[in-house]
Amino acid sequence: MCGILGYFTNNEISNSQLHDLNQASNYLKIRGPDYLGIKKGKKYFLVNSRLKIVSKEDLILPLFKHNCYISFSGEILNYKSLKNFLISKKYIFKTETDTETILSLYDYYGLKFLDYLQGFFAISIFDLKKNKLILAVDRIGNKNIYYNYSNKKIFFCSEQSYMFKSGFLKFEINQNKVDEHIVFGDIAGSQTLHKNILKLQPGEVLEYDFTNIELHSYYKLDKFVINYDNSKKRTNLKDSIEEIKNTITTTINTWTNNCAYKKSILLSGGIDSGLIATLLSHKTKKLTSYTAKFPSYSSNNSYNEESEISELVKDYNIEKNMINCSEEALLNGLSEIYSSFNEPSPSNSLLLNNLTMGMSKKNNQRICFTGDGADEVFGGYERHIAIANKYKNNNDNNIIAMGYNHLSANRLKKFFNKNFITPKLRLSYLDSLKNVSSVNKILLYDIKFYLPMFLRSTEQIGMRSSIEYRSPFTDHKLIEESFRLNDKFKIFKFSNKFILKKVFSAIRKKIIIK
C-alpha cells in the first residue's frame, strides 16, 4: 500500500517545476512512511512511497525491470501464482513482491496483463522502450489515480489534494458539477470538483506517448451482465447458497494473501463483517476486531453493538476492541477530515476516521478488513426494495438514477431556485443496460456510481494512519458470481441480502442475524 505521483512532459522540466514536484512528493510520505523513492529525467519525474505490507524487505522504488519503471499502490493478491507461471516461462525474480511480478507480467502480455490481476491497485508504468506511460486502476474503484492533462503534459497522483497543495496545479472549483455533487455526493464519470483534475474510472487504462493520451476500458462489469446467458442463472436456492458460500470462502482466502503483518477487522453487528470475521478467524491465529461504541446523552443508556458481536468474538477467540465514538470524539475529528480531503466527503467518513485513529493508537495495525461492498452487490439497502417496486410500476430510469436523492434536489429548488436535471451520463448508462432486470440495474448503478465514493474515502482515511483497508466483497470474481444468481436470492419480498443471510447461517449455525 503506497502512494504514486508523476509528471511527464515533451519539454524539459524547469527548476521551478522540479521544486513544486519535490514538494508534492513529500506529501506522499503520509501514505507511505517506510520509503520514498524518486526517479527523474529531463522530461519525466516519477515517485513511489511505500507502506510495507507484502514484505518487510527494503526496496528501491520506483522499481526498474525489463527497461520499465513502475510506481505502484495496492495489492495483487494472486501474484504468487502469476509469479510461478512467469518462472515457468524462464523469468527470474530478485524480490518477493507483487510489484516486480507486475512488470514481468507486462513484459510477457503487454497491456493484456491487467486481465490477469486480482486485487486492488493503481499502477503507473513508464516503458522506456516504447517511450510510453501507462496508468491503470482496479476494476471496482478501491484505488485511484487523479490526473491533469494539458499542453501535451500529464501530471498524476494518488490524491488530488496533493496536486494543488504543492502549488504545481492551480486550484479551481468545477462550478458545472457542484449541483450534481450536492445531490449525489459525487460526480459521475471522469470529472471531479476540481476544474483542472480528472480521475481514472474503475477498469480504465490511460496511455500517454509524450504528446497525446488515449483512454480505454479493460473491464466492464455491465458488459459481463449484459452478455451473461440468463438461461444459465442459478434458480435452485440450495445450490446457489453452496456456490456463493464457496466463492466467498475462496475470496476471503485470496484476500488474506500479501500480509506480513497482523490482520484486523471493522466488526459491526451486521452479517457483512460478521461473515468475513468468521472466515478470517480460520485463516489467522489471532484476529483483532474494532467496533464503534456510541455513548448517549444519558449516562444510564448507550447504543453500541458490543452485545451483538459478543457471541461471535467469544466463539472464534477474536480480540475485541471497542472504540469510543462519543460526540466529543467525533467532533474532534471534523477538522482533520476536511483538512485532509480538501473536498466534501461521504457521510461515513467521520465515523471511519474515528475508528481508524483508535486502531492506529491501540495496536499499530496495518491491515484491516471491512464489509464494504456487500450492500451494493447483494442488495442490502432498504431503498433497493422501494426503488425496485416503484420501477416496476413505471419503467423510468430516472427512478433508479435519483434513488432517495430527491430531498437534495428539492433544496436546490427551494434555496437557489435551481431545477436539477439528472446528468445524461447517469441516465445513458441505465439506458445501455438492455434486457437487464430491474434489480440488477439498481445494483449495477450503485456499483458504478455509489460504491466508488465510499471506497475512495476509506482508502484515503486509512492511508493517513498507515492502515490498508481491504474489502473482499469488491472482488470482481465474487461480484460476477452474484450476478449469476436469481434476483430473488438477493432481494426477496421484504428481505435484503437474502442469500448472504442464508450463507452466514450455513457457515455459522448459531448466530443472531441483524
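Source: prediction; values computed, not measured.

Asker: Please clarify how the sheet that holds strand β10 (residues 198–199) should be interpreted in this entry.
Answerer: Strands belonging to one sheet form pairs held by backbone hydrogen bonds; the direction of such a pair is parallel or antiparallel. Spatially, 6 strands are ordered β2-β3-β1-β9-β8-β10 in an open sheet, and the strand pairing comes out antiparallel. In the strand order of this sheet, the two ends are held by β2 (35–40) and β10, each with one partner. Where strand β8 (residues 146–150) meets strand β9 (residues 153–157), 5 bridges bridge the pair, whose relative direction is antiparallel. Looking across to β9, one finds that Y147 is bridged to F156.

Asker: I'm lost on the environment of H66 in this one. Help?
Answerer: Locating H66 in the fold gives a position in the loop between β4 (63–65) and β5 (68–76). The spacing of H66 and Y106 is 40 residues in sequence and 9.2 Å in space, taken between C-alpha atoms. Contact partners of H66, with chain neighbours within four places excluded, come to Y91, L103, S104, D107 and K129.

Asker: Sorry if this is basic, but what is going on with helix α2 (residues 79–88) here?
Answerer: Note: α-helices contain 3.6 residues per turn, so residues at a spacing of three or four share the same orientation. Taken together, the buried positions of α2 are Y79, L82, K83 and L86. Here the buried residues of α2 occupy an arc of 100 degrees about the axis, which is enough to place them on one side. Residues K80 and N84 are exposed on α2 and point more than 90 degrees away from its buried face. At its buried positions, α2 is contacted by β5 and α3 (98–109). A positive phi of about 80 degrees marks K90, the residue just after α2.

Asker: I tried to follow the pattern of salt bridges on my own but got confused; where do I start?
Answerer: Any two side chains of opposite charge can pair, given that their charged atoms come close. According to the stated counting rule, one finds 23 salt bridges in the structure shown. The residue K195 makes a salt bridge to E172 at a minimum N-O spacing of 4.0 Å. Taken together, the positions of K195 in the loop between α5 (178–184) and β10 and E172 in the loop between α4 (160–165) and α5 put the pair 23 residues apart, joining distant regions of the chain. The exposure class assigned to K195 is exposed, which follows from its relative accessible area of 52%. As a salt-bridge pair, R470 and E468 come within 2.6 Å of each other at their nearest N and O atoms. Within this structure, R31, K143, E159, E459 and R464 form a network of salt bridges that share partners.

Asker: What's the story with the packing of helix α8 (residues 271–280) against helix α21 (residues 498–507) in this structure? I'm lost.
Answerer: In helix packing, the relevant descriptors are the interaxial angle and the interaxial distance, both defined with respect to the helix axes. Relative orientation of the contacting elements α8 and α21 amounts to 30 degrees, with a least axis distance of 10 Å. With respect to each other, α8 and α21 are oriented roughly parallel. In the crossing of α8 with α21, the sense of the turn from one axis to the other is left-handed. Between α8 and α21, the residues in contact are I271, D272, G274, L275, T278 and L279 and L500, K501, V503, F504 and I507, respectively. Classifying every residue of the contact of α8 with α21 gives 7 nonpolar, 2 polar and 2 charged.

Asker: What should I look at first to understand a positive patch on the surface in this one?
Answerer: Taken together, the side chains of K112, K220, K223 and K448 present a region of like positive charge at the surface. With respect to the secondary-structure elements, K220 resides in the loop between β12 (213–217) and α6 (221–227). Since its relative accessible area comes to 46%, K220 is described here as partly exposed.

Asker: Explain unusual backbone geometry here, please?
Answerer: Trans peptide bonds make up the majority, and among non-glycine residues the majority have a negative phi. Cis geometry is found at the peptide bond from L61 to P62, where omega equals -10 degrees. As for its position among the elements, P62 is in the loop between β3 (44–50) and β4. We note that K90 has phi near 80 degrees; this positive angle belongs to a residue other than glycine. Residue placement: K90 occurs in the loop between α2 and α3. Despite not being glycine, N151 shows a phi value in the positive range, around 50 degrees.

Asker: Honestly, the pairing of strand β13 (residues 263–266) in this entry has me stumped. Any pointers?
Answerer: On any regular strand, side chains alternate: one points to one face of the sheet, the next to the other face. Residues K263 and I265 point to one face of β13 and S264 and L266 to the other, with burial holding for every one of them. Bridge count between β13 and strand β17 (residues 367–369): 3 bridges; the pairing is parallel. The partner of K263 across the bridge, within β17, is I367. Here β13 pairs with strand β14 (residues 288–295) via 3 bridges, running parallel. Bridge pairing in β14 places L266 opposite Y290.

Asker: Looking at this structure, I do not really get helix α14 (residues 382–393). What am I missing?
Answerer: Buried residues of α14: R383, H384, I385, I387, A388 and Y391, and no others. Considering only its buried residues, α14 is in contact with α13 (374–378), α15 (397–402) and α18 (438–449).

Asker: Would you mind showing me how to read the pairing of β5 here?
Answerer: Of all 9 residues that make up β5, 9 are buried, and the element is covered over most of its length. Across 3 bridges, the pairing between β4 and β5 is antiparallel. Looking at β5, one finds that K65 is bridged to C68. Once β4 ends, the chain turns through 2 residues before running back antiparallel as β5, passing H66 with a positive phi of about 55 degrees.

Asker: What exactly am I supposed to notice about the sheet that holds strand β7 (residues 132–137) here?
Answerer: The 6 strands lie next to each other as β4-β5-β6-β7-β11-β12, forming an open sheet whose pairing is antiparallel. The sheet is open, and its two edges are formed by β4 and β12, each paired on a single side. With direction set aside, neighbouring strand axes in the sheet form an average angle of 20 degrees. Sheet analysis places strand β11 (residues 204–208) next to β12, joined by 5 bridges and oriented antiparallel.

Asker: Sorry, what's going on with the side chain of H384 here?
Answerer: Take H384: it is sitting in helix α14. Overall, H384 belongs to the buried group, its relative accessible area being 0%. Among the polar contacts listed, one links the side chain of H384 to the side chain of D446, at a separation of 2.8 Å. The contact partners of H384, leaving out residues within four places of it in the chain, are D375, G379, I442, L443, D446 and I491.

Procedures and definitions
Residues numbered from 1 in each chain as written. Predicted model: local features only at pLDDT ≥ 70, side-chain atom pairs only at ≥ 80, totals over all residues. Heavy atoms only, no water. Pairing = 2+ DSSP bridges. Helix = DSSP H or I, 4+ residues; strand = E, 2+ residues; numbered from the N terminus. Contact = heavy atoms within 4.5 Å. Buried < 20%, exposed > 50% of the residue type's maximum accessible area, 1.4 Å probe, protein only. Arc of directions from axis to C-beta. Salt bridge = Lys/Arg side-chain N within 4 Å of Asp/Glu carboxyl O. Axes fitted to C-alpha atoms, helices over the stretch in contact; angles between N-to-C directions. Parallel < 35°, antiparallel > 145°, perpendicular 65-115°, else oblique. Left-handed = near helix turned anticlockwise from the far one by under 90°. Nonpolar A, V, L, I, M, F, W, Y, C, P; charged D, E, K, R; others polar. Patch = residues over 30% accessible without salt bridge, like charges linked within 9 Å, V, L, I, M, F, W, Y side chains within 5 Å. Areas by Shrake-Rupley, 256 points an atom, 1.4 Å probe, with all protein chains shown as cover. Lys, Arg positive; Asp, Glu negative; His and termini not counted. Charge placed at Lys NZ, Arg CZ, Asp CG, Glu CD. Polar contact = N/O pair within 3.5 Å; in protein donor to acceptor, adjacent residues only side chain to side chain.

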